[in-house]
Each structure stands twice: as structure tokens, then as C-alpha cells.
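# What the coordinates show
Here is what each chain is made of, one letter per residue.
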Amino acid sequence: MKQPMAGVAVLLALGIWIGAQIPASPLWVIAAALLAGGAVFAGFQHDARWLAASLILAGWANVAQRTAVLSPRDLRETTSEVDQLVTVLGTLAETPQLRVQESGGKRFIRSQVVLDARRLQGPEGLSREVFGKVMVSTSTELGMEFHSGRAVAISGVMRRPSGPQAPRLFDYRNFLGTRGIHRELRSSSAADWKLIDSIGYSTRPWPDRFQAWARATLARGLPEEDDALRLLWAMALGWKTGMTDEVREPFLRSGTMHVFAISGLHVALIAFVLLQALRLVLLPRFIAGLLALPTIWLYVVATGLQSSAIRSALMISIIIASWMVHRPVDVLNSLATAAFCVLAWDPCQLFQAGFQLSFAVVASIGLLAPPFEARLRGAAAIDPFLPDETIPGWRRAVYRAWGLLSGNLAVSVAAWIGSVPLSAWYFHLLSLSGLVVNLAIVPLSSLALASCLASLACGEWLPSVGVCFNHGAWFWMSGMLAVSRWSAELPYGCWHMASPPVAAMALAFLVLILVGIRAWEPPRWRRPLVVALGFLILVTWAEWRTRQVDIRIGILSMRGGHSVCVQTSQKTSVIDAGDLPGASGLVHPYLMALGINRIDQLWLTHGDVRHVGGALELIRRYRPTQVAVSPVKFRSGPYRQTLEQIRTQSPDRLKAVSGGETVGPWRILHPERDDAFSQADDGSLVLQMGLGRESVLLLGDLGRPGQELLMRRHPGLRARIVISGVPVRGEPLCDGLLDQLQPDVILVADALLPATARSSAQCKNRLRRRTSPTLFLSESGSLELRHKNGRWEILDATGKLLFPGANEIGQLRTNPGSFPVTR
């Protein structure tokens, strides 16, 4: 076999995946793995099935013992699922990282660190030993005395990490779970942090001291700390503080975010420069490799031991080791060896996006880049039988230039193909511009990184030369910024995509592997391959069909307000944008996850900043055809400013609608043009989709006067599903209105904060006494309604089906009372 480790790594990964799907006692799985391994060494070593079974069971056993609760002191056993006010004693596993977020012109900071917990103190003074990792965050910057290795006591609220904010969105709980972290602690300020050891500031770890020195060195001679300099720190040192959402977005949309991870590009460049320098002084291969390997790993440690850096350093080390002993270098076999080592050490990395992207992209380059490059080079090839003196000089120069360009183009295309399925799955993005932009970004980033490394090498002994390299690095990084921002704004350069079906992912990677190894050439493999591909195509089609729905309604819960996203087969509507953080942090990701690139209507129901504050952000991103507003005049300053900016940018887009009109699938019931109210909530737009008993009714934050007016104007109004917000004064959904509507399900879009947006206990008790089940978003989180085959379904934020025993919502009226809470 050319790549013997490929099969070993795949079997180990298969065992890890099975272990994650089928939890089992580690003892029994380890025993089975030992038996299978013993059978291999006992005389069955010529039977590949025993070896395959032992590898699969080894992966299963590894993930089982990593994820199972093995100690009664485990945090999952000693703490509850609800919030607890506690003090945790332990050791900082790393130096706290400062994260910066900008929203609405405001700057928010928070510090995050992983704590190895050893003791837990409750509010009653009870203390007990515990075991496990805790993610600690606080909304302030911590002093330099807090660093890795320090023993600390931190007070705050411990809870289980939050799940996704809405279906298909990022699952923070699962993300931490893959790192072995199952609890998080939130402290309010630095006053909640106390050192409980006597170690002085001078014992600060050398990677932290190196980072501070390196940032100062790279900034020497530059006039100010701007985006380009902060990005240089991020690319060369793994410094993540400067990677704000605003700076990160152009690189995400252009598909060039990979240059800021300490990954193969960085490690390969360092290895290449080191080996070339050592070979120039005529050192033998073996000695050059022995000097280069520690330097590479020193760089990995100095930049924070990031997972991507460790993976890349491990693979480069395997390649250098083969080169040292004059063995042929096989990229795919080295990649498989690195994957095997990483998964053997930490099997949960298999489920991390970084691991999957790293190995998928490198494997795609190893499989597809050589044949792509050969075909591209052939387009400008020179006849090898022609004498050199008959070939013009310009022709040879063109061939050399085309060879360089074709190599870069082949690598870019191969990397793009390998990353597309996973980018769509995790980030809901398809960056078409990345195919071309990477041809400019990768050389520019290589020049910037090389300039940074040269500046660090000059250090303190040649500061004037280091300043020259700093200016060069800043110049190349400024070019990267300009190119990425330009490409991010290209029309059709980046598309939002819904996550593809699992079978489609398997089909894509299977085709990639088959094309790369030309698996169809042996005739005996052709029929099985056709059967496998046909099966995956059939499963993909079936899974795609099950995803199709007639109507999808997402009710998104955010601080003090809510937004309703409605997708039908013809139109996409967003009712209320929420405030600016909610629009950019929840509504926009939700629309991305649905694969929506443009919305047809944006509805602003009433003048409340918590409902319209993010309108301009959604208009900028999704260019709605129409912005519909209430005909009532509101006194809200932010609401008036928003409407004025919309009129200035595109006056034809804004439209005031009133009762009796129909826009798309919506019929407007309230208010009418001559109405006037003392409270803004009473002038909220009331929208109805569908007719009569089978309709969906959106009441907004309609107050009691507005509800009574609605009842008088529409005495025969009925609705199957009613969605209501919480008015500032009074309660939503008075009994008279509910008696008239006779809904099957009531959804109240309230919020935990602020208190005025939360339903009172009296209101909850009143609504839950009715025969219609009532769900409160302050308890359940965001919800999604789906209409398919004449039936409605309700899903929570994790995608779990609520009321699974009912075939349709109408059957729920017989079971009032308490209903599922997912938050």
C-alpha cells in the first residue's frame, strides 16, 4: 500500500464516531478492544478483519473513557443543571484571553479562561472536592498577575453552557463539550477573582512574556495601532483580541479567514526558511532536521499551543523526519499519521470544525492539486523534442510564469473544493470569490508573515532593520485588507447556504477521494462504486425531501424584544428586526442558516428601539424589496431616525400599510390610518397569514386598548396559532380576545431581561389555565414552527420536536397546563 496509515486513521475515526453515537461502559469497550488486539497478536494477524475490529474498538474505548463520568467528584455529578452561586477554587489552565466586540458604536470586552476546578464552595459555606474543567468569563480585563498555573478562587454563577439560540445555529454547549468542558462560570467583575498562592509576577510563563515582547517588536516604528497591525499580531502570534466581528467578516465572506490561524501555512513557511538556511551552511540533512524540529515546536508553544498549530507541526515533523532519513515523502500518508496521533491523544477533536477543515483541505490538496497542475501546465507546454535554441526566450519566460501561476491555481482550487462542504455545514457560506482571491491573499500573507518573522529575528540587536521589516509587513497586510474587503462586496461573490444533508457531505468527500485515487480504474471496483454512489444519491434526495416545508416561522427571542422570520415557497418576510445586537447576532445568523440571501419584506410593527434598532443592519445585508411600517405616528426618536435614513437611501422601498390591505401572504388587520394611541404598543401592526380557522396571527406587542379595538373591528376573527409579544403596560392576550380567536397554540414572545419584557406570574397562570397550550420564550428560548403535509410542528432551539405525540397542533387542546421548557 502506498498510504498504509490512511486505513488505520479512518478505522480509528470510525470507532470514535461510533462511540459518540452509542455511549457504552468504558470497561466493557476496553475489554473488547484488548480481546481483539490480543487475537491479532495471538496468530490471527493475517486476517485484516481482526485488525480492523481492534482499531475500531480502540477508538470507541478511547472516546468512551474520555466522555464518561468516571468519578463521583466529576462536576457533572456534583453540580446541578440550574444556575448556582458558587466559589470555585482551582488552577488556571491558560492565560486569560481578552475578547473585544463592537456593536452600535460601543465596545464590549470580556476575559475568558479555562479553569481546572479542584474545590467548590456553595453559598451555605459547604465545601467539597470536585474534578473537571470550567470555562470562566468576566466582563472586564484582568491584571497580568492572572496567568496559567496560578491558583485562584473565583466567585460567580455556575451553570450548564447555553445551547443554540435558534435551530441550526452555533451550539456553544456542544463546542465546549468537545473540549471536555461541561460547566461555565460567569463572574461580574475582577473583584470576584482572588489569588490563593504566593507566586510572584516574575514567574509569569515565558510564552506570555514572549507574546508581549513580540507585539512590541512588531509595532516598533509604526505610527499607531490600527487594524493592519492587530491583524499582523493575530497572524504571526495567534493573538485573537484584535479579531473583532467587523474585522473578521470580510475575510469570512471572501474565504480567506484561514490565513489567521496558526496552521500549515505558518509552520510550513518557518520549516522551509529554517531548512534552507541550515542547508546553505552545508549541514547534513539529519543535523538540519534535528535543529529545525525543536524550533518549529518552540514557535507552536510560544503562540499558545493552538490545536491547529499542533496539528500542522505534527504533520510537518513527520515529513521532516522522512526527509532526514532519505525516505520518500508522501503527503497523504503523513497526513493520516498526524490524524492518527491527534485522535489517539484527543479523540474528541474529530468533532471539531478546525480538525475537520484542516485535514479535509490538506487531503484535497494532496489528492487533486497534482493532476490539476499537470493539466494546467499542459496548456502551455513546450514540445520536449524541440532543441532549446529554437525556442524563443519569451516563450520560455511565459512557460515559467504559467508554471508558477498554474501551481498556485491548482492548490487554490483543490483547497476550495475540500473546504466547500464543511464551510456550508458549519458557517453556511459558499465563497465563490475565494477561488480567485486566494491567489492574491496567500502570497500577500506569506510575504507579511515572512516580514514578521524577519522582524522578530532582528529583535533587539538590529532594531533599525526590524523597523523596515515592520513597515513591509504592514504594507502587505494593508493589501490583504483591501483585497478582502473588495472581494467581500462583489455581487454573487459569497452566498448563504443551508447546511447540506449528511448524505450529501459523505457523497462529496467520497467523490473527492475516488477522483483523487482514480478508484474506477480497477474493473473489480466499478460495480461496488456505482452501487455506493447510487445509494448516497438516493439517501441525499430522501433527506432533502424531508427538509422541504410549506411554511417555516422562526420566533427569535432576544433581550427585550423578538423577531419573527417567515419563509414560504414564494416569499421571505422578517417581522421586526430586534435591536442592533439582536439583528447582527441572532436574526442574521438565522437567515444565513436557512440559506436566505435576500428578504422580500421587512415589517417594522411599531416604534420601539428593541424592535427596530437593527433594521438598518438587516437592510444593508439583505436588501429587502419593501419595508412596511404602521401608519400610526410614533414619538420614538430611534424609530423616526431609522425611517428617515430608509427614505434617504431608497424612498421607494418604504411603505405605510393599514388595516384591510394585503401584502404578499399577509393581511393587515390593525391599525387603520386614522387611528391614534397614547401608547406605541397599541399601534402595533397585526398581521394574519392564511384565512379563518387555519390562519397564523401575529399580534406584536398589542396592548389592551388595541386588543379591544381589534375585537370590535373583526368579530369573526379566528386563528390556529397566535404569536404575541408583551406590551409595556398591561398583559398580552386578554381573555375576551382568546375566547374569540379560539387558538390551538399560544406563543408569547417575552424575555428574561429587562423585567418589563417578562410575563408576570399572574399572566402565565391565567394563560396556562386555558385549554390551549401556551409557550413562553423566556422559558423555552427561540422556537420554530413548520407546516408540512397539512400539519404544524413546533421545534425548540436545539431542533427537538415539541409535543411529539401529537400528529397535529389541533390535538394539543386537550392537554393544557405545563409544557416543555428547553432553556
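Rules behind the numbers
- Residues numbered from 1 in each chain as written.
- Predicted model: local features only at pLDDT ≥ 70, side-chain atom pairs only at ≥ 80, totals over all residues.
- Heavy atoms only, no water.
- Helix = DSSP H or I, 4+ residues; strand = E, 2+ residues; numbered from the N terminus.
- Expected span 1.5 Å × (residues − 1).
- Patch = residues over 30% accessible without salt bridge, like charges linked within 9 Å, V, L, I, M, F, W, Y side chains within 5 Å.
- Areas by Shrake-Rupley, 256 points an atom, 1.4 Å probe, with all protein chains shown as cover.
- Salt bridge = Lys/Arg side-chain N within 4 Å of Asp/Glu carboxyl O.
- Lys, Arg positive; Asp, Glu negative; His and termini not counted.
- Charge placed at Lys NZ, Arg CZ, Asp CG, Glu CD.
- pLDDT = per-residue confidence, 0-100.
- Contact = heavy atoms within 4.5 Å.
- Axes fitted to C-alpha atoms, helices over the stretch in contact; angles between N-to-C directions.
- Parallel < 35°, antiparallel > 145°, perpendicular 65-115°, else oblique.
- Left-handed = near helix turned anticlockwise from the far one by under 90°.
- Nonpolar A, V, L, I, M, F, W, Y, C, P; charged D, E, K, R; others polar.
- Pairing = 2+ DSSP bridges.
- Buried < 20%, exposed > 50% of the residue type's maximum accessible area, 1.4 Å probe, protein only.

Further remarks concern helix H11 (residues 307-324). Its 18 residues place the ends of H11 25 Å apart at the C-alpha level, agreeing with the 26 Å of an ideal helix rising 1.5 Å per residue. Phi for His-326, located one or two positions after H11, is positive at around 60°.

Moving on to a positive patch on the surface. Together, Arg-66, Lys-133, Arg-179 and Lys-240 make up a region of like positive charge exposed at the surface. Counting through the fold element by element, Lys-133 comes out in strand S4 (residues 127-138).

The next point concerns the confidence of the model for the protein chain. Per-residue confidence for the protein chain gives a mean pLDDT of 84; residues scoring 70 or more make up 94%. Below pLDDT 50 for its whole length, residues 814-823 participates in 26 contacts with residues either more than four positions away or in separate chains.

In contact at an axis separation of 8 Å, helix H8 (residues 245-253) and helix H16 (residues 463-488) are set at 65° when each is read in the N-to-C sense. Between H8 and H16, the angle is such that the two are roughly perpendicular. The chirality of how H8 crosses H16 is left-handed. Taking contact as the criterion, the partners of Pro-250, Phe-251 and Arg-253 in H8 are, on H16, Met-480, Leu-481, Ser-484, Arg-485 and Ala-488. Its residues placed into classes, the contact of H8 with H16 shows five nonpolar, one polar and two charged.

On to the sheet that holds strand S10 (residues 551-558). Within a beta sheet, neighbouring strands are joined by backbone hydrogen bonds and run either parallel or antiparallel to one another. The sheet built from nine strands is open, its strands ordered S15-S14-S13-S12-S11-S10-S23-S24-S25 with mixed pairing. Looking at which strands have only one partner, the edges of the open sheet turn out to be strand S15 (654-656) and strand S25 (801-802). Pairing geometry for strand S11 (residues 561-568) and strand S12 (residues 572-575), over four bridges, is antiparallel. By the bridge assignment for S12, Cys-565 is matched with Val-574.

Mapped onto the secondary structure, Val-273 falls in helix H9 (residues 264-280). The class of Val-273 is partly exposed, set by a relative accessible area of 48%. As a C-alpha pair, Val-273 and Ala-292 span 19 residues in sequence and 9.6 Å in three-dimensional space.

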